[in-house]
Amino acid sequence: MELALRYTQGRPFERLRAADPRRSAYKVMVAIHHERPEDAHAIRFVLEEAFRQSNEADLVDALRRRGALTLSLVALRDNEVVGHIVFSPVTIESADSSFNAIGLGPMAVLPPYQRKGIGSQLVRIGLEQCRQAGHAIVVVLGPPDFYGRFGFVPTRHRGIQCEFDVPDDVFMVMELRQGALAGRGGVVKYQPEFKSV
Ligand SMILES: CC(C)(COP(=O)(O)OP(=O)(O)OC[C@H]1O[C@@H](n2cnc3c(N)ncnc32)[C@H](O)[C@@H]1OP(=O)(O)O)[C@@H](O)C(=O)NCCC(=O)NCCS
C-alpha cells in the first residue's frame, strides 16, 4: 500500500492510504518534515510567493533567529519545499491571570500547489504534534473558511481578543485539550516580532 504522507526522523507519524484515484488530480503527495537548517531559503521563497510580500518571511526568519519557534514543519514534494507552517508561543492575559498558549502561523503553500490538500496536511500534523507536546490551546489569525474545518472557532465566543485590531471572524481559537479554556479568557499577546508584520 502506498503512503500518502510520511513523517521523518525515523518514525512514521501519520500514515494515509494513497489518495482516492478519483481525486488524484486534486491531492498531491508530500512528505512532512521538521524544518532543517538547509530549508530556510526555500521557506522564505514559499512565504514570499504565497503572500506576495516579504513581511511573513522576515517574521519567520526573526522568530527562528531568536529561537522562538515552537514547531516548524515543511511539506516536501520531490525534495522541494512546497509548504510551510510554524507555531510560536503566545500568552493570554487578563487583569488577574496570564496563561500560555500557542499561535499557529504564518503558514503558506507555494501558489501552484495550493488547493491540493497540502495546507490541510500541515495543519493537521502540526496540531497533532502540538497536542502530543502537551499544548492545550491554539489561536490563529487567517481565513475562517480554511481554519474552521480543523475545529477553530471565532474567539468572540470564548472571551478572547487579539492584541491587534483585526476583524472578529478571522481570529480563532481551538482547544487541544477539552475544557482547557473553561472560565479563562483575555488578550492574546504574540511574540514581539509579530508587531512588525
Ligand atoms: C491558506 C493556504 C495555506 C491553504 O493551503 P492549501 O494547500 O491551498 O489548502 P488545502 O488545499 O488543504 O485546502 C483545503 C480546503 O480549504 C480551502 N481553502 C484553501 N485556502 C483557502 C482560503 N484562503 N480561504 C478559504 N478556503 C480555503 C480549499 O479550497 C479546500 O477546500 P476543499 O477541500 O473543499 O476543496 C494557502 O492557500 C496559502 O498559502 N495562501 C496564501 C497565504 C495565506 O493566506 N496563509 C494563511 C494565513 S497565515
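To keep things clear, this report deals only with the structure shown in the data block. (Residues numbered from 1 in each chain as written. Predicted model: local features only at pLDDT ≥ 70, side-chain atom pairs only at ≥ 80, totals over all residues.)

A look at the site of the ligand
Taken together, 18 residues form the shell around the ligand, and within it Gln114, Gly119, Ser120, Gly142 and Pro143 come nearest. Breaking the shell around the ligand down by element, the ones donating at least two residues are helix H1 (40-51), strand E5 (98-109), helix H3 (118-132) and helix H4 (144-147). It is E5 that contributes the most residues to the shell around the ligand, 5 residues altogether. Here the shell around the ligand is composed, by residue class, of 9 nonpolar, 6 polar and 3 charged. (Near = placed C-beta within 6 Å. Helix = DSSP H or I, 4+ residues; strand = E, 2+ residues; numbered from the N terminus. Nonpolar A, V, L, I, M, F, W, Y, C, P; charged D, E, K, R; others polar.)

Some words on the pairing of strand E9 (residues 171-175)
Here E9 lies mainly inside the structure; 4 of its 5 residues are buried. The pairing of strand E6 (residues 137-141) with E9 spans 5 bridges and is antiparallel. Looking across to E9, one finds that Val140 is bridged to Met172. (Buried ≥ 20, exposed ≤ 12 C-beta atoms within 10 Å, placed from the backbone. Pairing = 2+ DSSP bridges.)

A short note on unusual backbone geometry
Going from Gly105 to Pro106, the amide bond is cis rather than trans, its omega being 5°. Looking at the element boundaries, Pro106 is found in strand E5. A positive phi angle, near 50°, is found at Asp78, a position not held by glycine. Mapped onto the elements of the fold, Asp78 is located in the loop between strand E3 (71-77) and strand E4 (80-93).

Quick word on helix H2 (residues 55-65)
Regarding H2, the residues found buried are Glu56, Ala57, Leu59, Val60 and Leu63. The arc that holds the buried residues of H2, viewed along the axis, is 160°, so those residues lie on one side. Directly beyond the C-terminal end of H2, a positive phi value near 70° is found at Gly67. (Arc of directions from axis to C-beta.)

Considering the packing of H1 against H2
Packing of H1 against H2 leaves a shortest axis separation of 7 Å and a crossing angle of 150°. Comparing their axes, H2 and H1 come out roughly antiparallel. Contacts between H1 and H2 involve Ile43, Arg44, Leu47, Glu48 and Phe51 from the first element and Glu56, Ala57, Val60 and Asp61 from the second. Residue classes in the contact of H1 with H2 are distributed as 5 nonpolar, no polar and 4 charged. (Axes fitted to C-alpha atoms, helices over the stretch in contact; angles between N-to-C directions. Parallel < 35°, antiparallel > 145°, perpendicular 65-115°, else oblique. Contact = placed C-beta atoms within 7 Å.)

A few points about the pairing of strand E10 (residues 186-189)
Along any regular strand, the residues point their side chains to alternate faces of the sheet. Sheet topology places E4 next to E10; 3 bridges connect them, and they run antiparallel. Note that in E10 the partner of Ile92 across the bridge is Val188.

A closer look at H1
With 12 residues, H1 extends 17 Å between its outermost C-alpha atoms, agreeing within 8% with the 16 Å of an ideal straight helix rising 1.5 Å per residue. All of the buried residues in H1 are Ile43, Val46, Leu47 and Ala50. The buried residues of H1 occupy an angular sector of 95° when projected down its axis, which confines them to one face. Buried positions along H1 lie against H2, E3, E4 and E5. Arg52 sits one or two residues past H1 and shows a positive phi near 55°. (Expected span 1.5 Å × (residues − 1).)

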